[in-house]
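Summary of the model geometry
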Amino acid sequence: MNFSKTGLLAVSLAALFASGCSTSRFSPMDQQPAPLQAAPSGTVTANQLPPPASPGTADPSKFPTAPQGPQVASLPPDGTAPAGAPDLTASSVAGVWKANVSGQSCQVATPQTKFGSGYRAGPLHCPAPIDGIKSWNVAGKQLTLYDANGGTLARLYSSGGEKFDGQTSNGLPISLTRG
């Protein structure tokens, strides 16, 4: 049997066309899928809400209290170091710290990598304003955390062992413990 190239091509195209027509992709569009089952529903009622309370008139006993974080040592109001606070060195601060800001926890890395007039810092999942820490430095008994512009974010003092306590620039309590 001798087939010409044209004949072979015609037979191949006919077979391809016949197999393509048998696919369900080309079935008529008038076939609809089976309907979906209705979702269960309950009854809906409508009630009038009470009027909102004026600012300052809400009864605080009606609201749950926020969880309290670990207590931090109080600082003297003038911002000086508490009595007995040790002098600090960069090597005593370098490392990874668990930070607690008003009961919210995160981590702060304080490597001894020079950055600006201090050392680079890296917050991890920290709340404001500590999420903006870019650097840190020590001077005497004080550890200071700085933002990208060199502004002070927090001042802390050693409260013994591997712990620092202090305040953020907006007055929130902050503590650092070795993490």
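Residues numbered from 1 in each chain as written. Predicted model: local features only at pLDDT ≥ 70, side-chain atom pairs only at ≥ 80, totals over all residues. Heavy atoms only, no water.

Concerning the sheet that holds strand β2 (residues 104-110)
Read from one edge to the other, the open sheet built from ten strands follows the order β3-β4-β6-β7-β8-β9-β10-β1-β2-β5, with strand pairing classed as antiparallel. The sheet is open, and its two borders are formed by β3 (114-115) and β5 (122-124), each paired with just one other strand. (Pairing = 2+ DSSP bridges. Helix = DSSP H or I, 4+ residues; strand = E, 2+ residues; numbered from the N terminus.)

A closer look at the side chain of S135
Mapping S135 onto the fold places it in strand β6 (residues 135-139). We classify S135 as buried; its relative accessible area is 9%. Residue contacts for S135: discarding those within four places in its chain leaves F115, Y119, R120, A121, T144, L145 and Y146. (Buried < 20%, exposed > 50% of the residue type's maximum accessible area, 1.4 Å probe, protein only. Contact = heavy atoms within 4.5 Å.)

Let's talk about the environment of C106
Within the secondary structure layout, C106 lies in strand β2. A residue is classified by how much of its surface remains accessible, and C106, at 6% relative accessible area, is buried. Each C-alpha atom, one on C106 and one on I130, is 9.3 Å from the other, the two residues being 24 residues apart in sequence.

Quick notes on unusual backbone geometry
Cis geometry is found at the peptide bond from A128 to P129, where omega equals 0°. Its place among the elements puts P129 in the loop between β5 and β6. Even without being glycine, H125 reaches a positive phi, approximately 60°. Of note, H125 is situated in the loop between β5 and β6. Residue H125 is classed as exposed on the basis of its relative accessible area of 72%.

Some remarks on the side chain of S158
As for its position among the elements, S158 is in strand β8 (residues 152-158). Look at S158 and you get buried, because its relative accessible area is 10%. At a separation of 3.4 Å, a polar atom in the side chain of S158 contacts the main-chain amide nitrogen of G160. Apart from the residues within four sequence positions on either side, S158 is in contact with A85, P86, L88, K141, K163 and F164. (Polar contact = N/O pair within 3.5 Å; in protein donor to acceptor, adjacent residues only side chain to side chain.)

Observations concerning the packing of aromatic side chains
Applying the stated rule across the entire model yields two aromatic pairs. When the centroid spacing of 5.2 Å and the interplanar angle of 75° are considered together, the rings of W97 and F164 count as edge-to-face. Taken as a pair, W97 in strand β1 (residues 95-101) and F164 in strand β9 (residues 163-168) lie far apart in primary sequence, 67 residues in all. Across this residue pair, the class does not change: W97 and F164 are buried. Sitting above the plane of the Y119 ring, K114 keeps its charged end 4.9 Å from the centroid. (Phe/Tyr/Trp six-rings, centres within 6.5 Å; stacked < 30°, edge-to-face > 60°. Lys NZ or Arg CZ within 6 Å of the ring centre and 35° of its normal.)

Re the nonpolar core
I130, W136, L143, L145, L156 and F164 are the most contacted members of the largest nonpolar core, which totals 23 residues. Among the secondary structure elements, those contributing two or more residues to this core are α2 (90-93), β1, β2, β6, β7 (142-146), β8 and β10 (173-178). Once you skip the residues sitting within four places of it in the chain, I130 turns out to touch V101, V108, P123, A154, T168 and I174. (Core = buried A, V, L, I, M, F, W, Y, C linked by side-chain atoms within 4.5 Å.)

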